[in-house]
Amino acid sequence: MLFTLFLTFAKIGLFTFGGGYAMISLIEHVCVEEKGWITHDDMMDITVIAESTPGPVAINCSTYVGYKQKGFMGAVAATFGMVLPSFVIIYLISMWLNNLLEIRLIGSAFQGIRIAVGFLILDAGLRLGKKMKKKKAPFAVMLGSGAVMLLINLFSLRISSVTLILLAGTAGLFLSFLSGKPAGRGGEKG
């Protein structure tokens, strides 16, 4: 099982461009739909926790899935699998980076990859949005967060994503207190 965790996350790390957000939909597909290691609700929770804790999202997700499967050693195997391909590729590219980007074909390929990464991130967001409980308060927080992020990008403001996460969490707590019921798992009313 440890080798399976390592190999699974090594494949994800090797074949996904664009960082953690682009990897979320692939992690969900492999770990939920193919392997059945976690549920869709677990994936939602993992994504929120991974974004809220220090470190890259994909590595935090892989660490959690590995831990859930085989404890500490599973977390190590999954994390190492996720990190190793990127480390090796970046190390090799850094040796010849300037020369590689001067090759027109490779430069064009990287421009195309950037566009694909945007769609991978959008896909992950849409998948998570579809699986979110259709309650008014979480939906309002999601729309508000999206609007704030859009305004920040349009006006080129520098606001940390951590600040936005803390504000969204505070809004969720505030809405929970207003409703008079404590929020359960994933914002679900208990």
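Definitions and limits used
Residues numbered from 1 in each chain as written. Predicted model: local features only at pLDDT ≥ 70, side-chain atom pairs only at ≥ 80, totals over all residues. Heavy atoms only, no water. Phe/Tyr/Trp six-rings, centres within 6.5 Å; stacked < 30°, edge-to-face > 60°. Helix = DSSP H or I, 4+ residues; strand = E, 2+ residues; numbered from the N terminus. Buried < 20%, exposed > 50% of the residue type's maximum accessible area, 1.4 Å probe, protein only. Contact = heavy atoms within 4.5 Å. Core = buried A, V, L, I, M, F, W, Y, C linked by side-chain atoms within 4.5 Å. Expected span 1.5 Å × (residues − 1). pLDDT = per-residue confidence, 0-100. Salt bridge = Lys/Arg side-chain N within 4 Å of Asp/Glu carboxyl O. Axes fitted to C-alpha atoms, helices over the stretch in contact; angles between N-to-C directions. Parallel < 35°, antiparallel > 145°, perpendicular 65-115°, else oblique. Left-handed = near helix turned anticlockwise from the far one by under 90°. Nonpolar A, V, L, I, M, F, W, Y, C, P; charged D, E, K, R; others polar. Polar contact = N/O pair within 3.5 Å; in protein donor to acceptor, adjacent residues only side chain to side chain.

Remarks on the packing of aromatic side chains
(1) Moving on: Tallied over the entire structure, the rule returns two aromatic pairs.
(2) Moving on: Taken together, the aromatic side chains of Phe-3, Phe-6 and Phe-80 make up a single cluster linked through ring pairs.

Quick notes on the side chain of Ser-25
(1) Moving on: Position of Ser-25 among the secondary structure elements: in helix H2 (residues 20-34).
(2) Moving on: With a relative accessible area of 7%, Ser-25 lands in the buried category.
(3) Moving on: Filtering out sequence-adjacent residues up to four positions away, Ser-25 remains in contact with Leu-120, Asp-123, Ala-124 and Arg-127.

Notes on the environment of Ile-49
(1) Moving on: Structurally, Ile-49 is set in helix H3 (residues 40-52).
(2) Moving on: Relative accessible area serves as the criterion here: at 49%, Ile-49 is assigned to the partly exposed category.
(3) Moving on: Remark: the alpha-carbon pair of Ile-49 and Asn-60, spanning 11 residues in sequence, is separated by 8.2 Å.

A few points about the environment of Ala-116
(1) Moving on: For Ala-116, the location among the structural elements is in helix H5 (residues 104-131).
(2) Moving on: Distance from Ala-116 to Leu-128, taken between C-alpha atoms, is 19 Å for residues 12 residues apart in sequence.

What about the nonpolar core?
(1) Moving on: The biggest cluster of nonpolar side chains holds 24 residues, and the ones touching the most others in it are Phe-9 and Ile-27.
(2) Moving on: No other element matches the seven residues that helix H4 (residues 57-102) contributes to this core.
(3) Moving on: In contact with Phe-9, other than residues within four places in its own chain, are Ile-27, Cys-31, Trp-37, Ser-62, Val-65, Ala-78, Gly-81 and Met-82.

Quick word on helix H6 (residues 136-154)
(1) Moving on: Taking 1.5 Å per residue as the helical rise, H6 with its 19 residues ought to reach 27 Å, and the 27 Å between its terminal C-alpha atoms agrees with that figure.
(2) Moving on: The positive-phi residue at the C-terminal boundary of H6 is Ser-156, with phi of around 50 degrees.

Section: the confidence of the model for the protein
(1) Moving on: Residues of the protein with pLDDT of at least 70 account for 91%, and the chain-wide mean is 81.
(2) Moving on: Across the protein, the element-wise mean pLDDT spans from 78 in H5 up to 91 in helix H1 (residues 2-15).

Digging into the pattern of salt bridges
(1) Moving on: Counted under the stated rule, the structure contains one salt bridge.
(2) Moving on: Of the charged contacts in the structure, one is a salt bridge between Asp-42 and Lys-68, with a shortest N-O distance of 3.2 Å. Of the two residues, Asp-42 is situated in helix H3 and Lys-68 in helix H4; the sequence distance between them amounts to 26 residues.

Examining the packing of H1 against H2
(1) Moving on: Following both chains from N to C, one finds H1 and H2 inclined at 150 degrees, their axes separated by 10 Å at the closest point. In this view, H1 runs roughly antiparallel relative to H2, as classed from their interaxial angle. Taken as a pair, H1 and H2 cross one another with a handedness that is right-handed. Contact residues: Thr-8, Phe-9, Ile-12 and Gly-13 in H1; Met-23, Leu-26, Ile-27, Val-30 and Cys-31 in H2.
(2) Moving on: Its residues assigned to classes, the contact of H1 with H2 shows seven nonpolar, two polar and no charged.

A word on the side chain of Thr-79
(1) Moving on: Within the secondary structure, Thr-79 sits in helix H4.
(2) Moving on: A polar atom in the side chain of Thr-79 sits 2.7 Å from the backbone oxygen of Ala-75.
(3) Moving on: Non-local contacts of Thr-79, meaning those with residues more than four positions away in its chain, are made with Ile-59, Ser-62 and Thr-63.

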